[in-house]
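What the coordinates show
The lines below spell out each chain.
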Amino acid sequence: MAKWVYVGGQQPIELTASGADSTPGQRPQADSDPCIYCLLTGMVQKLDQKLPVANEYLLLSGGVREGVVDLDLDELNVYARGTDYDMDFTLLVPALKLHDRNQPVTLDMRHSALCHSWLSLRLFDEGTISKWKDCCTIVDHINGATNYFFSPTKVADWFYDSISVVLSEIQKKPQRGMPKVEKVEKNGTIISIILGVGSSRMLYDIVPVVSFKGWPAVAQSWLMENHFWDGKITEEEVISGFYLVPACSYKGKKDNEWRLSFARSEVQLKKCISSSLMQAYQACKAIIIKLLSRPKAISPYHLRSMMLWACDRLPANYLAQEDYAAHFLLGLIDDLQHCLVNKMCPNYFIPQCNMLEHLSEETVMLHARKLSSVRSDPAEHLRTAIEHVKAANRLTLELQRRGSTTSIPSPQSDGGDPNQPDDRLAKKLQQLVTENPGKSISVFINPDDVTRPHFRIDDKFF
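Calculation criteria
- Residues numbered from 1 in each chain as written.
- Predicted model: local features only at pLDDT ≥ 70, side-chain atom pairs only at ≥ 80, totals over all residues.
- Heavy atoms only, no water.
- UniProt positions renumbered as here; feature names shortened; annotations may be inferred.
- Helix = DSSP H or I, 4+ residues; strand = E, 2+ residues; numbered from the N terminus.
- Buried < 20%, exposed > 50% of the residue type's maximum accessible area, 1.4 Å probe, protein only.
- Salt bridge = Lys/Arg side-chain N within 4 Å of Asp/Glu carboxyl O.
- Expected span 1.5 Å × (residues − 1).
- Pairing = 2+ DSSP bridges.
- Polar contact = N/O pair within 3.5 Å; in protein donor to acceptor, adjacent residues only side chain to side chain.
- Contact = heavy atoms within 4.5 Å.

The name given to the chain in an unreviewed UniProt entry is Protein MB21D2, with Saguinus oedipus as the source organism. As recorded by UniProt, the Sequence similarities (unreviewed entry) comment attached to the chain reads in full: "Belongs to the mab-21 family."

Below, the structure is given as C-alpha cells:
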C-alpha cells in the first residue's frame, strides 16, 4: 500500500493510503479529514499517472494569504476568517519528486532573477519527458535539439483540471464521513478549496511544487555563517530538502520561472524561536496584514524573514526574555520601517536576493508613512486588530446560533494564533509609549551588551 508523509506544524505523521494513523503521537487538529488528501491525490494519480505513487506532502498551518509560503498574493481572492472559513492550511504537493542523488537535475538560472530558476527536463528519461510534455514549454536550439522546461503555469492548470475532475466524482458518489466541498477556485497557480468538515469550514491552499532532497548550490554560502539555531537543531534537519514553487519574479516569465522555497527548513527553525518573539511577530502581522496590503509591498513572508534575521543578530538570552514581547513588537516595526525606507529585505536563505528592490519610491514612502502612524501608537492599532478578530468571532457565533455552522478555535499558525494577539501586549505598549511622550523608543539596539535589556529610549539604554 502506498504511503504518504503528512507534516502538520512540526509533528510528522505517516498516513497510509486509507488515511490510518501509523505513527503514535498527537494528531493535528484537522484529524477528521487527513484521508481526503490520500483520496484526492490518489485519484489524481490514477487519471494519468503523472503524480509520484509514493509522495511526500508538506502541510503548513496557515494559508498562503498568511505568508507561510513566499507566493504572489495579488492573484488570490480575499477570504475572511469567520465569514468564509474557520481554519486554514497550505498543502505543498510534489508533481515532480527529485530525491535520487543519481538523477540528473538541471536548474537553469541564466534567465531568472535571484532565488528563481527554470527547470529543464532535458536530462530526464524519455518516460518522464513523455509524461509531462504537455506541461512544458518547448525551446528549439539552433543545433536541432529540443529542450523541455517544466512550466509552473501549465502544471497548475493540469493540477486544477485534475482536482476538478476528482472532486466532481466524489460529489457524484458521496461517502459517509467525507468532507463537503463548499468551494473550489484557481487563484493563479494556487488551488483553493473550502471543505465542510463536521461543524467547521477549512480553507486549503494547494500548491503543486517540485520537491528536492539536499540543498541548492545557490544557498550554500548561507550554511557557512553562524546562525541562532546552531546547537539547537542539526544541520541535517535544516537542509533536508527544498522546493520549487510556482511563482515568478517581477520581471520573469510566468510560464517558465519557479521560485526556490525553503518551507521545510522554516518549519524546523520555528522550533528555536522564543515564545515572546513569536507573540510579537503574530501581533505585528495582525497589525500590518491589512494596513500594508495595498498597494502590494510588504507580505507576512517579508516580516518572517526580518524576524529570522533578528534572531541571528541578537543574543539568545535577550530573545529568551519572557516579558519582552512588547519591546520585540516595537523592534519588528522599526526593522520593517528600516527595510522599507532602504528598499532592502534580504532573503534569509539567499541573502544576495533583495525581496524589495522592485518597489517604487512612491510605494515605499506611502507605506513608511503608514508604519509611522503605527509606531506612534502601536497599542491602538493592536487593539483595532483585536477588535476585528472579535467581530469575526461574533459573526461565527451568530451563524452558529442560526444553525448554519459552528466555529472551533483556529490552529496556531507559525507557532501562534496570528489573529488573536494578547490584549496585555497592547496595555504594555500603551504604558511604554505614554510614559515616554515624544521620545524615540528603539529595541534591537546594542546587541553585544548582554548585561542589560537591549532597548533604548532616546540615548538612554535600559
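Additional details are given in the paragraphs that follow.
Once that is clear, we can look at the overall build of the chain. Each helix and strand in the chain was counted, giving twelve helices and 16 strands. Counting all 462 residues of the chain, 54% fall into the buried class.

Tallied over the entire structure, the rule returns 16 salt bridges. Residue Arg-65 is joined to Asp-205 by a salt bridge in which the shortest nitrogen-to-oxygen separation is 2.8 Å. Placement of Arg-65 in the loop between β3 (56–61) and β4 (87–98) and of Asp-205 in strand β11 (residues 200–213) is noted, with a sequence separation of 140 residues between them. Per residue, the accessibility class of Arg-65 equals that of Asp-205, and both read buried. For Arg-110, the salt bridge is made with Asp-108, and the minimal N-O distance between the two is 2.7 Å. Given the relative accessible area of 6%, Asp-108 is considered buried. Each of Asp-48, Lys-50 and Asp-134 takes part in one network of salt bridges that share partners.

Given 3.6 residues per helical turn, the α-helix brings residues three or four places apart onto the same face. Taking 1.5 Å per residue as the helical rise, helix α6 (residues 275–291) with its 17 residues ought to reach 24 Å, and the 25 Å between its terminal C-alpha atoms agrees with that figure. Within α6, twelve of the 17 residues are buried, which leaves the element mostly enclosed by the surrounding structure. Every buried residue of α6 is accounted for by Ser-276, Leu-277, Met-278, Ala-280, Tyr-281, Gln-282, Ala-283, Cys-284, Lys-285, Ala-286, Ile-287 and Ile-288.

A word on unusual backbone geometry. You will see that Gln-49, though not glycine, has its phi angle at about 60°, which is positive. Positionally, Gln-49 belongs in the loop between α1 (35–48) and β3. With relative accessibility at 42%, the residue Gln-49 sits in the partly exposed group. One non-glycine residue, Cys-115, lies in positive phi territory at about 75°. Assessed through its relative accessible area of 6%, Cys-115 is described here as buried.

Taken across its eight residues, strand β10 (residues 190–197) has eight buried, putting it largely inside the fold. Burial along β10 is two-sided: the residues Ile-190, Ser-192, Ile-194 and Gly-196 and Ile-191, Ile-193, Leu-195 and Val-197 are all buried. With antiparallel pairing between neighbouring strands as the criterion, strand β9 (residues 180–187) and β10 make up a hairpin whose turn holds two residues, including Gly-188 at a positive phi of roughly 65°. Bridge count between β10 and β11: seven bridges; the pairing is antiparallel. Opposite Gly-196, over in β11, you have Arg-201 as the bridge partner.

Attention now moves to the pairing of strand β8 (residues 146–150). Within a regular strand, the side chains alternate between the two sheet faces. Burial of β8 is extensive: four of the five residues sit out of reach of the surface. Strand direction decides the pairing type here: strand β7 (residues 136–140) and β8, joined by five bridges, are antiparallel. The residue bridging Val-139 from the neighbouring strand is Asn-147, located in β8.

Here the focus is the environment of Asp-230. The residue Asp-230 is located in the loop between β11 and α4 (235–238) in this model. Taking the C-alpha atoms as reference, Asp-230 lies 10.0 Å from Asp-312; in sequence the two are 82 residues apart. Here His-227 takes part through its backbone nitrogen, which lies 2.7 Å from a polar atom of the side chain of Asp-230.

Another point: the side chain of Asp-70. Within the fold, Asp-70 resides in the loop between β3 and β4. Take Asp-70: its relative accessible area is 17%, and that puts it in the buried class. When neighbours within four sequence positions are excluded, Asp-70 is seen to be in contact with Val-245, Ala-247, Arg-259, Tyr-301 and Met-355.

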